[in-house]
Amino acid sequence: MSQGQTAEVSSYGAQLLTWRNEAHQARKSLILPDPHKQSVAQVANWRNAFPASELDYLFLSKNAVFQPRRPTRGGVPISFSQVIHAGTPDLSSLKHGFAQHRQSSVVEKSDSSVTLEWWQESAEKWVYPFDLRMSSHIELRDDHLEQHFSVAHFEFRPIQFTAALHTYFAVSDISNVKVEGLQGLTYHDGTDKWWSKKREEAVEVVFAGEVDRAYIKAPDVIKVHDSGAPGGGRTYEVHKQGFPDAVLWNPGAERGASISDLGDPEWRRMVCLGPGVVVPDVSLEPRSKLNSGPTWTASQCIRIHRGGGHHGDSPRPRPSSRPIPPASPRPSPRSSPRPSPRPSPI
Ligand SMILES: O=P(O)(O)OC[C@H]1O[C@H](O)[C@H](O)[C@@H](O)[C@@H]1O
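In this report, the structure presented in the accompanying data block is examined. (Residues numbered from 1 in each chain as written. Predicted model: local features only at pLDDT ≥ 70, side-chain atom pairs only at ≥ 80, totals over all residues. Heavy atoms only, no water.)

1. Observations regarding the overall build of the protein
Across its full length, the protein carries 2 helices and 20 strands. The buried share of the protein, taken over its 346 residues, is 56%. When the accessible surface of the protein is totalled, it reaches about 14500 Å², and 52% of it is carbon and sulfur. (Helix = DSSP H or I, 4+ residues; strand = E, 2+ residues; numbered from the N terminus. Buried < 20%, exposed > 50% of the residue type's maximum accessible area, 1.4 Å probe, protein only. Areas by Shrake-Rupley, 256 points an atom, 1.4 Å probe, with all protein chains shown as cover.)

Following this line, the structure appears as structure tokens:
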């Protein structure tokens, strides 16, 4: 896989929606709707014109709904402020945090990369009582996709959060999927309301029913093998940095059929493996008078292999060492103009 990759990113929640290998495309390209013109409905139109194919690496449900304040079912929604309820008490009434419910804006774009940024003000206390900036950088490289997520804050007190890149991988059928790299880890079990902690015994996790797990201190490489993918199978190799944990989810038949923007058979065509920081929360130090608070950054690289079996160790795609974008100074957040444009939430 080196040529012909395309991806589409929505500025709503900075959500990566699609990533595929278009065999007929000569170059890699990253398509980003103009955030000033783009509406959620326009993204829906784009999808209708280009239905998902076997060339898709990311799953996007045919039943996905593109509506404000409703995260799109598929791609890589960014869970930020909270991921699950296993950590410290709920800071937000939104299940996966507020970031995926906000419009972001483009700060940098090339043919194969984009950086988006979005803000949260402490004034919006009903959601999350901290003043901060988030940014997401997505890049198509020759043999992998990179995604970096960072948070900078402007508070004179520590801030806490959990976060995940909740990646929906496209699979041939969930019965063909095995996930490697999780044996021996402790996980919180979402099918038990996150109350129980268990040990993963399986060398490869398979999906006989609903699987909803947050694995603590997961290794930096986790593999999703799909033995039924076209061309003799496919392996998604996920390399994470800065995210200590990982979330794994497939809803199974009963729950999958009951999710209105998923349904049957769509639930069979996806598996979520999301690098994250789940338990305990990240806690960032307060800012000083002169400087903003520390910036936290974490990333994932996803590499695709043909064949859905074992491949042994392959060379690691290291995330490019991007300089962490400096946090824009905001001495008086409520009275000073914004350092960059921020469209209103839609
Ligand atoms: O249905 P959603 O709110 O989008 O959540 C989808 C899934 O996300 C995570 O994987 C959670 O651990 C699951 O419990 C949840 O069902």
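The discussion continues.
2. Things to note about the packing of aromatic side chains
Applying the stated criterion across every chain, the model contains 15 aromatic pairs. Ring plane angle 80° and centroid distance 5.8 Å describe the contact between phenylalanine 80 and phenylalanine 98, whose orientation is recorded as edge-to-face. Highlighted residues: phenylalanine 80 in strand β4 (residues 78-81) and phenylalanine 98 in the loop between β4 and β5 (105-109), separated in sequence by 18 residues. Given the relative accessible area of 0%, phenylalanine 80 is considered buried. Note on phenylalanine 98: relative accessible area 0%, which makes it buried. (Phe/Tyr/Trp six-rings, centres within 6.5 Å; stacked < 30°, edge-to-face > 60°.)

3. A closer look at the pairing of strand β20 (residues 295-306)
For β20, a buried count of 9 out of 12 residues is recorded, marking the element as mostly surrounded by other parts of the structure. Two elements, strand β8 (residues 145-153) and β20, share 8 bridges in a ladder whose sense is antiparallel. Looking at β20, one finds that valine 151 is bridged to tryptophan 296. Taken together, the 8 bridges between strand β17 (residues 234-241) and β20 define a ladder with antiparallel strand orientation. If you follow tyrosine 236 over to β20, its bridge partner there is isoleucine 304. (Pairing = 2+ DSSP bridges.)

4. Observations concerning the site of the ligand
In the vicinity of the ligand, the contacting residues are Arg73, Ile84, Lys95, His96, His166, Trp194, Asp212, Val247, Trp249 and Arg255. Contact between the ligand and arginine 73: an oxygen atom at 2.9 Å from a side-chain N or O atom of the residue. Here aspartate 212 contributes a side-chain N or O atom positioned 2.5 Å from an oxygen atom of the ligand. Taking 390 Å² as the accessible area of the ligand by itself, protein coverage stands at 85%. Among the detected pockets, the ligand sits in the largest pocket. Per-class residue counts for the shell around the ligand are 4 nonpolar, 2 polar and 4 charged. (Near = heavy atom within 4 Å. Polar contact = N/O pair within 3.5 Å; in protein donor to acceptor, adjacent residues only side chain to side chain. 1 Å grid on protein atoms, 1.4 Å probe; cavity = no way out; pocket = protein on both sides within 12 Å on 5 of 7 lines; lining within 4 Å. Sits in = over half its atoms within 2 Å of the grid points. Nonpolar A, V, L, I, M, F, W, Y, C, P; charged D, E, K, R; others polar.)

5. Focus: the sheet that holds strand β6 (residues 113-120)
Backbone-to-backbone hydrogen bonds join strands into a sheet, with any given pair of strands oriented parallel or antiparallel. Strand order in the open sheet formed by 9 strands is β5-β6-β7-β8-β20-β17-β16-β11-β14, and the pairing between neighbours is antiparallel. A strand with exactly one partner marks an edge of an open sheet, and here the two such strands are β5 and β14 (204-205). Of the strand pairs in this sheet, strand β7 (residues 132-140) and β8 are connected by 9 bridges, and their pairing is antiparallel. The partner of serine 136 across the bridge, within β8, is phenylalanine 149.

6. Remarks on the layout of surface pockets
Computed from the structure, the largest pocket encloses a volume of approximately 570 Å³. Residue lining of the largest pocket: 25 residues in total, with Arg73, Lys95, His96, His166 and Arg255 positioned closest to the centre. Tallied by class, residues from the lining of the largest pocket come to 10 nonpolar, 9 polar and 6 charged. (Points joined across faces, edges and corners; volume = space filled by probe spheres on them.)

7. Quick look at the state of the cysteines
All told, the structure shown has 0 disulfides when counted by the stated rule. The thiol of cysteine 272 is unpaired, and the distance to the nearest cysteine sulfur, on cysteine 301, comes to 19 Å. (Disulfide = S-S within 2.5 Å.)

8. Digging into the pairing of β7
Burial of β7 is extensive: 9 of the 9 residues sit out of reach of the surface. Of the two faces of β7, both are covered, the one formed by Leu132, Met134, Ser136, Ile138 and Leu140 as well as the one formed by Arg133, Ser135, His137 and Glu139. Sheet topology note: the β6/β7 ladder contains 8 bridges and is antiparallel. For glutamate 117, the partnering residue across the bridge sits in β7 and is serine 135. The hairpin formed by β7 and β8 contains 4 residues between the paired strands.

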